[in-house]
2 protein chains.
Amino acid sequence: MVRAKCWILKKHFEGFPKQSDFELKEVELPPLKDGEVLLEAAFLSVDPYMRPYSRVYMKEGDTMLGYQVAKVLESKDPTYRVGEFVISQSGWTTHAVSKGKDLSLLPSSWPGNLSRSLALGTIGMPGLTAYFGLSEICRMKPGETILINAAAGAVGNVVGQIAKLKGGKVVGCAGSDEKVAHLKELGFDEVFNYKTVGSLEEALKKASPEGYDCYFDNVGGEFSDIVLEQMKKFGRIAVCGAISQYNNAAPKKGPYVQMPMIFKELCMEGFLVTRWDSRKEEGLKALLKWVEEGKIKYHEHITKGFENMPAAFMGMLKGENTGKAVVKV
Amino acid sequence: MVRAKCWILKKHFEGFPKQSDFELKEVELPPLKDGEVLLEAAFLSVDPYMRPYSRVYMKEGDTMLGYQVAKVLESKDPTYRVGEFVISQSGWTTHAVSKGKDLSLLPSSWPGNLSRSLALGTIGMPGLTAYFGLSEICRMKPGETILINAAAGAVGNVVGQIAKLKGGKVVGCAGSDEKVAHLKELGFDEVFNYKTVGSLEEALKKASPEGYDCYFDNVGGEFSDIVLEQMKKFGRIAVCGAISQYNNAAPKKGPYVQMPMIFKELCMEGFLVTRWDSRKEEGLKALLKWVEEGKIKYHEHITKGFENMPAAFMGMLKGENTGKAVVKV
């Protein structure tokens, strides 16, 4: 008999999430049926998307959704053997019974020297988001200039590093001097702290006086209003996230985008990484190779203790993390 | 010695254009030099883009810019013979001396029964805008549903008719019952008068309860805010015009677009027809063929008299025209 601890959405978030919106529960898991697998979480992911998804896909009382790296404790599905590690969508829970359909095995070639937590970050969903968003939505060509905001986040840092590998000029913004220093180490060409520059407009102009071909947007809102004015003709805007908007109680407004979009013939596309599910292997293989070769560096912001998941989540929403925010059980 | 009448931008428009912003002048044209052509306007175009372009490309005292169909009165360029008709970018002028570079001949196959004014509309720039915007930006597939606003305008009516030819379900909005009736005659599947429906949202839902795959946007602003919510997953938005915004004294605001763009993975692209200049022949050939076969119908709103150009322009901005607004000298 296994007892799982899990974090429940006690109350739908209003504005910025609060500790009291979450509740820690214990539940007893039923015995395994044929085709089922018993999992024990090793690492759990906290990601920005969980904030808007909670509103769309969850009701009060549901376990918080999300990915985890888990160990197979018991298995009645021959695909998954005891002791193997999988990526599971079990949500914020220490243990889970899974039907095996929403699982994927960590590559058997996973190098012994790499933490399995990377399967939630640079060699996982955020890495794939960067990989496909850059190639398929930004369609960045060598020699082009790309702007990335939240550049020290789980997705942004990978976008910038791949863009460098592909011959781009990479401009990144982040919200602390420590993050800015980190991005310079990663090889970004131009980096600034958007919280301390006097004028975002001037900082963007200084970083790339001729404007931007590509904009990988994780932030949205006023930041994007200002970037729009500095896009080059035929620029591409990949709308990956809108973290500036997730915690608004009511939708905010900004200048209409149509006129600059027409006169500069811009293309703005929103996307979710799930659209490339059929090409996941290609992406993971490339990311794993780059990481092994040291061409893509990674940094994780690890919070210890399952009981600290809400704090890790809220901290990530505040931008406390450099690199991927992960909880280690 | 030829004297030309021309309409000058006397004062930059502030808000909606006024008659006093224009001035009629007479100028004496110089004798032709080698490589030059003397033109006499037959039809002049008034188009929405002139409003925003005036701010970007003109200074006070300049002749209003625009296309015209003109007759060659005299020629020192062997490409253009006396009596032939050309499309010229001479602007709002009765006569002009042209270097020949900004001219294009009307197709020699132009059918005798078609008014040459169509070379400013359905078989001209607006028709090409519809043709390429639909195929290259909306990328509409057979069976998909497309929404077109300002659907009775020069571009919108052609978009809808081509979309029908390509197997789409076509929903059009216009601003008068007369226009709505016209669009029904053209074969649009669903049409409504956006000024008299109680709720635009409800009218859009009624016209296509399952939402919209494509949105050919000539209007922008609040109209687009409401449409955005009714786009289907992976919908494409072709931003062709923003007539609701051209006459604003200051930029207006609307809800940020990023969140719906991400969650529905929408693609929004602004465009100018000039990007397909190299494919102009292809487009004009297709449009001319459809018109000759009766598969695309046309309607023109003709204002007589060069002296009425400002009135024709302002009327078009108010939506007085059904089909292409043209001035006949």
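Residues numbered from 1 in each chain as written. Chains lettered and ligands numbered in written order. Predicted model: local features only at pLDDT ≥ 70, side-chain atom pairs only at ≥ 80, totals over all residues.

A.B. asks: Let's hear about the overall build of chain A: which residues, and what values?
C.D. replies: A count of helical and extended segments in chain A gives nine helices and 16 strands. Taken against the 2.2 N^0.38 rule, which gives 20 Å for 329 residues, the C-alpha radius of gyration of chain A at 20 Å falls within 12% of a compact globule. Projected onto the principal axes, the alpha-carbon positions of chain A cover approximately 65 × 45 × 35 Å. Residues classed as buried in chain A amount to 50% of the 329 residues present. Taking contacts inside chain A between residues at least 6 apart in sequence as the whole, the part at least 24 apart equals 64%. (Helix = DSSP H or I, 4+ residues; strand = E, 2+ residues; numbered from the N terminus. Rg over C-alpha atoms; globule rule 2.2 N^0.38 Å. Buried ≥ 20, exposed ≤ 12 C-beta atoms within 10 Å, placed from the backbone. Contact = placed C-beta atoms within 7 Å.)

A.B. asks: Outline the pairing of strand β3 (residues 37–45) of chain B, supporting the account with residue identities and numerical values.
C.D. replies: Residue and element names in this part refer to chain B. The buried fraction of β3 is high, at seven of nine residues. Bridging between β3 and strand β4 (residues 68–75) involves seven bridges; their strand directions are antiparallel. Bridge pairing in β4 links L39 to V72. Pairing analysis gives four bridges linking β3 to strand β6 (residues 95–98), with the strands arranged antiparallel. Pairing of E40 across the sheet is with H95, part of β6. (Pairing = 2+ DSSP bridges.)

A.B. asks: Quick one: what's the story with the sheet that holds strand β9 (residues 169–174) of chain A, residue by residue and with numbers?
C.D. replies: Here we have 12 strands laid out as an open sheet, ordered β10(A)-β9(A)-β8(A)-β11(A)-β12(A)-β14(A)-β14(B)-β12(B)-β11(B)-β8(B)-β9(B)-β10(B), and mixed in their pairing. A single partner strand is all that each edge strand has here, and the edge strands are β10 (190–193) of chain A together with β10 (190–193) of chain B. Each strand of the sheet is rotated relative to its neighbour by a mean of 15°, with strand direction disregarded. Relative to strand β9 (residues 169–174) of chain B, helix α3 (residues 156–165) of chain B is tilted by about 165°, and along the sheet it contacts β8 (145–148), β9 and β11 (212–217) of chain B. (Axes fitted to C-alpha atoms, helices over the stretch in contact; angles between N-to-C directions.)

A.B. asks: Help me get a handle on the domain arrangement of chain A, residues and values and all.
C.D. replies: How big an interface is tends to be expressed through the accessible area that disappears when the partners come together. All names here are of chain A. Split into domains, chain A comes out as domain 1 (2–121 + 299–328) and domain 2 (125–274). Once you take the C-alpha centre of each, domain 1 and domain 2 turn out to be 29 Å apart. Residue-level contacts link 15 residues of domain 1 with 15 residues of domain 2. Class assignment for the residues of the side of domain 1 that touches domain 2 results in six nonpolar, six polar and three charged. (Domains from an automatic or database assignment. Nonpolar A, V, L, I, M, F, W, Y, C, P; charged D, E, K, R; others polar.)

A.B. asks: Outline helix α2 (residues 125–138) of chain A, listing residues and values.
C.D. replies: Residue and element names in this part refer to chain A. Of all the bends found along α2, the most pronounced is centred on F132 and spans about 30°. Among the 14 residues that make up α2, 12 are buried, leaving the element largely enclosed by the rest of the structure. Once α2 ends, the next one or two residues include R139, with phi positive near 45°. (Bend = angle between axes of the 7 residues up to and from the residue.)

A.B. asks: Talk me through the relation of the copies chain B and chain A; I want residue IDs and the actual numbers.
C.D. replies: Of the transformation placing chain B onto chain A, the axial shift is 0.0 Å and the rotation is 180°, giving an RMSD of 0.0 Å. Between the two chains, the operation in question is that of a two-fold axis. A share of 100% of interface residues in chain B that are also interface residues in chain A marks the association as one of identical surfaces. (Least-squares fit on C-alpha atoms with pLDDT ≥ 70 in both.)

A.B. asks: Can you lay out unusual backbone geometry for me, pointing to particular residues and giving the numbers?
C.D. replies: Residues and elements named next belong to chain B. For A150, which is not glycine, the phi dihedral falls at a positive 45°. Mapped onto the fold, A150 is located in the loop between β8 and α3. Of note in the backbone geometry, F234 takes a positive phi value of approximately 65° without being a glycine.

A.B. asks: Kindly report on the interface of chain B and chain A, identifying the contributing residues and their values.
C.D. replies: Listed per partner, the contact involves 29 residues of chain B and 29 residues of chain A. Of the residues belonging to the side of chain B that touches chain A, the class tally is 15 nonpolar, eight polar and six charged. Here strand β14 (residues 267–270) of chain A pairs with strand β14 (residues 267–270) of chain B via three bridges, running antiparallel. Across the sheet, residue A:E269 finds its bridge partner in β14(B), namely B:C267.

A.B. asks: Summarise the packing of helix α5 (residues 200–207) of chain B against helix α6 (residues 221–228) of chain B; cite the residues concerned and give the values.
C.D. replies: Residue and element names in this part refer to chain B. Here α5 crosses α6 at 45°, and the two axes come no closer than 10 Å. In terms of their interaxial angle, α5 and α6 are classed as oblique. Handedness of the α5/α6 crossing: right-handed. Contact residues: L200, E201 and L204 in α5; F223, I226 and V227 in α6. Of the residues contributing to the contact of α5 with α6, the split by class is five nonpolar, no polar and one charged. (Parallel < 35°, antiparallel > 145°, perpendicular 65-115°, else oblique. Left-handed = near helix turned anticlockwise from the far one by under 90°.)

A.B. asks: Before we move on, can you summarise the nonpolar core with the specific residues and values?
C.D. replies: Of all hydrophobic cores here, the largest spans 208 residues; its most connected members are A:I146, A:F216, B:I146 and B:F216. Among residues more than four places away in sequence, those in contact with A:F216 are A:G133, A:L134, A:C138, A:I146, A:I148, A:V159, A:A238 and A:C240. (Core = buried A, V, L, I, M, F, W, Y, C linked by C-beta atoms within 7 Å.)

A.B. asks: Mind laying out helix α8 (residues 280–292) of chain B, listing which residues take part and the relevant values?
C.D. replies: Residue and element names in this part refer to chain B. End to end, α8 covers 18 Å across 13 residues, agreeing with the expected 18 Å (1.5 Å per residue, within 8%). All buried positions along α8 are accounted for by G283, L287, L288, W290 and V291. One side of α8 holds all its buried residues, which, seen down the axis, span an arc of 165°. Among the exposed residues of α8, those pointing more than 90 degrees away from its buried face are E281 and K289. (Expected span 1.5 Å × (residues − 1). Arc of directions from axis to C-beta.)

A.B. asks: With reference to specific residues and values, describe the environment of A:V159.
C.D. replies: By the secondary structure assignment, A:V159 is in helix α3 (residues 156–165). A:V159 has contacts with A:A130, A:G133, A:L134, A:I148 and A:F216, leaving out every residue within four places of it along the chain.

A.B. asks: Explain the environment of A:Q161 residue by residue, including any values.
C.D. replies: Residue and element names in this part refer to chain A. The topology assignment puts Q161 in helix α3. Sequence separation between Q161 and W290 is 129 residues; the distance between their C-alpha atoms is 9.9 Å. Ignoring anything within four residues of it in the chain, the contact list for Q161 reads L186, G187, I296 and K297.

A.B. asks: Outline the environment of A:W92, listing residues and values.
C.D. replies: Residue and element names in this part refer to chain A. Locating W92 in the fold gives a position in the loop between β5 (85–88) and β6 (95–98). With 26 C-beta atoms packed within 10 Å, W92 lands in the buried category. Put simply, W92 and F43 are 49 residues apart on the chain and 10 Å apart in space, counted from C-alpha to C-alpha. Once residues within four sequence positions are removed from consideration, W92 is found in contact with C6, W7, L44, T63, M64, G66 and M309.

A.B. asks: Give me the lowdown on the confidence of the model for chain A, citing residues and values where you can.
C.D. replies: Summary statistics for chain A give a mean pLDDT of 96 and a share of 100% for residues scoring 70 or more. Predicted complex metrics record ipTM = 0.95 and pTM = 0.96. (pLDDT = per-residue confidence, 0-100.)

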